[in-house]
Amino acid sequence: MVDNIKWHSGEINKAAREELLGQQGMVLWFTGLSGSGKSTIAVEVEKELYRRGKACYRLDGDNLRFGLNKDLGFTAEDREENIRRIGEVAALFADAGLITLASFISPYKEGREAARQAAGVDNFKEIYVKADVETCAERDPKGLYDKAKKGEIENFTGISAPYEEPENPDLIVDTMSLSLEESVELVLELL
Ligand SMILES: Nc1ncnc2c1ncn2[C@@H]1O[C@H](COP(=O)(O)OP(=O)(O)OP(=O)(O)O)[C@@H](O)[C@H]1O
Ligand SMILES: [Mg+2]
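What comes next concerns the included structure. (Residues numbered from 1 in each chain as written. Chains lettered and ligands numbered in written order. Predicted model: local features only at pLDDT ≥ 70, side-chain atom pairs only at ≥ 80, totals over all residues. Heavy atoms only, no water.)

## Observations regarding helix H8 (residues 180-190)
Step number 1: Along H8, the residues classified as buried are Ser183, Val184, Val187 and Leu188. Down the axis, H8 shows its buried residues gathered within 135° of arc, on one side only. The outward face of H8, more than 90 degrees from its buried face, is lined by the exposed residues Glu181 and Glu189.
Step number 2: Those residues of H8 hidden inside the fold are in contact with strand S1 (26-31), helix H2 (38-51), strand S4 (124-130) and strand S5 (171-174). (Buried < 20%, exposed > 50% of the residue type's maximum accessible area, 1.4 Å probe, protein only. Helix = DSSP H or I, 4+ residues; strand = E, 2+ residues; numbered from the N terminus. Arc of directions from axis to C-beta. Contact = heavy atoms within 4.5 Å.)

## Brief notes about unusual backbone geometry
Step number 1: One non-glycine residue, Ser106, lies in positive phi territory at about 35°.
Step number 2: Mapped onto the elements of the fold, Ser106 is located in the loop between strand S3 (99-103) and helix H5 (109-119).
Step number 3: Since its relative accessible area comes to 2%, Ser106 is described here as buried.
Step number 4: Unlike most non-glycine residues, Asn155 shows phi in positive territory, near 55°.
Step number 5: On the secondary structure map, Asn155 appears in the loop between helix H7 (144-149) and S5.

## Description of the packing of helix H4 (residues 76-95) against H5
Step number 1: With their axes 8 Å apart at the nearest point, H4 and H5 run at an angle of 25° to one another. In this view, H4 runs roughly parallel relative to H5, as classed from their interaxial angle. Between H4 and H5 the crossing geometry is right-handed. Only Gly111, Ala115, Ala118 and Ala119 of H5 make contact with H4, whose side of the interface consists of Ile83, Gly87, Glu88 and Ala91.
Step number 2: Grouping the constituent residues of the contact of H4 with H5 by class yields five nonpolar, two polar and one charged. (Axes fitted to C-alpha atoms, helices over the stretch in contact; angles between N-to-C directions. Parallel < 35°, antiparallel > 145°, perpendicular 65-115°, else oblique. Left-handed = near helix turned anticlockwise from the far one by under 90°. Nonpolar A, V, L, I, M, F, W, Y, C, P; charged D, E, K, R; others polar.)

## Here we look at the sheet that holds S5
Strands in a sheet are paired, the pairing made by backbone hydrogen bonds, and the direction either parallel or antiparallel.
Step number 1: In space, the five strands of this open sheet follow the order S2-S3-S1-S4-S5, with parallel pairing throughout. Of all the strands in the sheet, the pair left with one neighbour each is strand S2 (56-60) and S5. Pairwise comparison of adjacent strand axes, ignoring direction, gives a mean angle of 20° for this sheet.
Step number 2: The pairing of S4 with S5 spans four bridges and is classified as parallel. Along S5, the bridge assignment pairs Lys130 with Asp174. (Pairing = 2+ DSSP bridges.)

Spelled out as structure tokens, the structure:
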């Protein structure tokens, strides 16, 4: 099958689109436990970039599971496929010239690495939004830790499924010690 597929290049490339938009298309990949602050930070970063005239798009775990990934669950295999698709979508958005804010638990190193390769290493920033499981469980903004501890949710990252910490992230945002404003500022500095 793959033998019969050929990439068809256009004449307008990423660089041309970037010139038009006056920015570099890239992926800001937020990874961390549920409740660590990925979505909260991404929303604020998006607002600030928009205010500065930057074209952004936010991809968020729950949101994509309503549509593109609604056929997927939370087994290791489905999570891998979830992240694979999102990595590819994020790469397309970055190629379109957008600053793409992707917030997904993305617990496995391999999936995050695949997302980096899909976007191209120069277009990808891995941001580890760090808070320990006790802190996240205490915040429990969606009531998920409560359910997971009662055994009502299987394969819950940090409780009954692993989270592989990033070894060499481009940025660590420790939300246990930083305020939301400070966290947002760190991400903006990275850009
Ligand atoms: N420095 C901080 N940055 C971001 N959020 C913070 C910070 N300090 C405390 N919080 C709180 O932590 C919670 C983070 O929730 P949020 O929904 O953003 O997590 P998430 O990482 O997107 O989780 P999920 O993977 O379930 O989508 C919020 O209740 C937020 O108010
Ligand atoms: Mg979120």
